[in-house]
Amino acid sequence: MKKIVIIRYCEIHLKGKNRGYFERMLGDNIRHALKDINHKYVKIPARYLIEEFADEDLDLILERLQKVSGIHSISSAIIVPSQKEEIFNTALSLCEGKSGTFKVETNRADKSFPIPSIELSRELGGVILDRFAKYLTVSIKNPDFVVNIDIRESGETLIYTDVIKCMGGMPVGSAGKGLLLLSGGIDSPVAGYMMAKRGMRLKALHFHSYPYTSEAAKEKVLDLARTISVYSGGIDVYVVSVTEIQEAIHENCSEEFMITMLRRFMMRIAERLANSISAQAIITGESLGQVASQTIESLTSSNSVVENIPVLRPLIAFDKLDIIAIAEKIGTFETSILPYEDCCTVFLPKFPVIKPKMEKVLKEESNLKVEELIERAMAAIEKYEL
């Protein structure tokens, strides 16, 4: 009898002839997540197993796997020879100390095992009920826990009671590479997590306005990047100063257009950086109508300067409370609400334009030396590998 961890995937099942590609990529990401833990990795049909690890590493393994996109659920299980006595004794041991309602579910992948699934479940359920009559009763429809018996073709049986839901989605790297515009707020880290969940490997771009913004504000963003890096298999953060750009906008453009102008510069810089690092998309945390720069007219203005790659907005239809709930789940919320300013709060107009008209936007922008400002900003990019 030995302990193992069962790993299951979901969406990968929908893939056709290229399913093996996604399975291999998920396997690579699992091994990367556990690279500093002694273990054995085993691939079986539609599942992965983690074996031969120290008991004290079990909780850490479970924690790490919950942050690997592409994994649907995991279970800590016991693996025994496919013999009735071994199966029953192990199942009884897993019921020790439990109370409430239960049921038994059997999956007999090995059709040579002599007892049919329904019959085994019925018989084992009776044995459990006899042993723990004071504490347990049967509930077929809504049990407090399920005793799962998975009889495999290898001649071994996996037995477990707990199923831990994980990220789901697709393996990181299977959907290419995206450049995340990472601010110090609540939304953009969540957007990065959502795209990692869909299989996109992340790089990040942060804009700062030192000395109007502090070094502490930049460190806050790097802390956010470290948190989401565990979901994306690591992340590089590029930091660009837009101080000179903001000062130029402040001096040469109407106050109400300051945010609109800044967003257009950001998107231009983002596309150029994306092209230089072979990123295939820009990712933002924008949500339609949340602030003045996120109206459909403002989004159209910023989109219009991006020439060759898509801009992905995974939170576009999310309510703020929905975004906060995900931020709390992934561990970024408490960092995001730390009271450090970001570049978008510098030179903030009292009444920003909500529905900018493109002819007016272009007229305002004609007052700026756009290319010179972008080239100087990009020449001073800092890179942090997390």
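Structure first, text after, so check above.
Residues numbered from 1 in each chain as written. Predicted model: local features only at pLDDT ≥ 70, side-chain atom pairs only at ≥ 80, totals over all residues. Heavy atoms only, no water.

Looking at this structure, I do not really get the environment of Val163. What am I missing?
Following the sequence through the fold, Val163 ends up in the loop between β8 (156–160) and β9 (164–165). Considering only alpha carbons, one finds Val163 and His72, 91 residues apart in sequence, at a separation of 10.0 Å. Among residues more than four places away in sequence, those in contact with Val163 are Arg8, Ser73, Ile74 and Ser75. (Helix = DSSP H or I, 4+ residues; strand = E, 2+ residues; numbered from the N terminus. Contact = heavy atoms within 4.5 Å.)

Would you take a moment to explain the sheet that holds strand β10 (residues 177–181) for this structure?
Within a sheet, adjacent strands bond to each other through the backbone by hydrogen bonds, running parallel or antiparallel. Pairing is mixed in the open sheet, where 6 strands are placed in the order β14-β13-β10-β11-β12-β15. Both edges of this open sheet fall to β14 (311–312) and β15 (382–385), since each of them pairs with a single strand only. One ladder, built from 4 bridges, connects strand β12 (residues 236–241) with β15; its direction is antiparallel. Note that in β15 the partner of Val239 across the bridge is Glu382. Helix α5 (residues 187–197) contacts β10, β11 (201–208), β13 (281–283) and β14 of the sheet and is inclined by roughly 170 degrees relative to β10. (Pairing = 2+ DSSP bridges. Axes fitted to C-alpha atoms, helices over the stretch in contact; angles between N-to-C directions.)

How should the packing of α5 against helix α6 (residues 215–232) be read in this particular structure?
Packed helices, taken two at a time, are described by the angle their axes make and the gap between the axes. Between α5 and α6, whose axes approach to 9 Å, the crossing angle comes to 10 degrees. Taken as axis vectors, α5 and α6 run roughly parallel relative to one another. Seen from α5, the contacting residues are Pro189, Tyr193 and Ala196; seen from α6, they are Leu224, Ile228, Tyr231 and Ser232. Of the residues that constitute the contact of α5 with α6, the class distribution is 6 nonpolar, 1 polar and no charged. (Parallel < 35°, antiparallel > 145°, perpendicular 65-115°, else oblique. Nonpolar A, V, L, I, M, F, W, Y, C, P; charged D, E, K, R; others polar.)

Help me understand the packing of aromatic side chains, please; the structure alone is not making it clear to me.
Two descriptors summarise a pair of aromatic rings, namely the distance from one centre to the other and the angle between the planes of the rings. What the rule picks out here adds up to 5 aromatic pairs. Note on Tyr193 and Tyr231: the rings are 5.1 Å apart at their centroids and 85 degrees apart in plane angle, and the pair reads as edge-to-face. With Tyr193 in helix α5 and Tyr231 in helix α6, this pair connects stretches of sequence that are 38 residues apart. For the pair Tyr193 and Tyr231, one class covers both residues: buried. The ring of Tyr48 carries Lys43 above its face, with NZ or CZ at 5.3 Å from the centroid. (Phe/Tyr/Trp six-rings, centres within 6.5 Å; stacked < 30°, edge-to-face > 60°. Buried < 20%, exposed > 50% of the residue type's maximum accessible area, 1.4 Å probe, protein only. Lys NZ or Arg CZ within 6 Å of the ring centre and 35° of its normal.)

Please explain α6 as it appears in this structure.
In an α-helix, one turn spans 3.6 residues, which is why side chains three or four residues apart end up on the same side. Over its 18 residues, α6 runs 25 Å from end to end, which matches the ideal 26 Å to within 8%, given 1.5 Å per residue. Looking one or two residues past α6, Gly233 carries a phi angle of roughly 70 degrees, positive in sign. (Expected span 1.5 Å × (residues − 1).)

Mind showing me how you'd approach a nonpolar patch on the surface here?
Taken together, Leu129, Val138 and Ile140 make up a surface patch of nonpolar side chains, about 250 Å² in accessible area. In this structure, Ile140 sits in the loop between β6 (136–138) and β7 (145–151). By relative accessible area, Ile140 is classed as exposed at 58%. (Patch = residues over 30% accessible without salt bridge, like charges linked within 9 Å, V, L, I, M, F, W, Y side chains within 5 Å. Areas by Shrake-Rupley, 256 points an atom, 1.4 Å probe, with all protein chains shown as cover. Salt bridge = Lys/Arg side-chain N within 4 Å of Asp/Glu carboxyl O.)

Just checking my understanding: could you explain the pattern of salt bridges for this structure?
It is possible for side chains of opposite charge to pair when their charged atoms get near one another. Summed over the entire model, instances satisfying the criterion amount to 26 salt bridges. Between Arg47 and Asp150 there is a salt bridge whose closest N-O contact spans 3.7 Å. Of the two residues, Arg47 is situated in strand β3 (residues 47–51) and Asp150 in strand β7; the sequence distance between them amounts to 103 residues. Take Arg47: its relative accessible area is 18%, and that puts it in the buried class. Of the residues examined, Asp150 reaches a relative accessible area of 3% and is grouped as buried. Here Glu105 makes a salt bridge to Lys103, at a shortest N to O gap of 2.9 Å.

I'm lost on helix α2 (residues 58–65) in this one. Help?
Residues of α2 that are buried include every one of Leu58, Ile61, Leu62 and Leu65, and no others. Taken around the axis of α2, the buried residues stretch over an arc of 95 degrees, which confines them to a single face. Where the residues of α2 are buried, they touch β1 (2–9), α1 (19–33), β3, β4 (71–81) and β9. (Arc of directions from axis to C-beta.)

Looking at this model, I keep getting lost on the pairing of β8. Mind explaining?
Looking along a regular strand, one sees the side chains alternate between the two faces of the sheet. For β8, the tally of buried residues reaches 4 of 5 residues, placing the bulk of the element in the interior. As judged from the 4 bridges shared by β4 and β8, these two strands associate in the antiparallel manner. Paired with Val80 across the two strands is Thr157, which belongs to β8. Two strands pair when backbone bridges link them, and β7 and β8 are joined in this way by 4 bridges, in the antiparallel orientation. If you follow Ile151 over to β8, its bridge partner there is Thr157. In sequence, β7 turns back onto β8 through a hairpin of 4 residues, with Gly155 there showing a positive phi of about 90 degrees.

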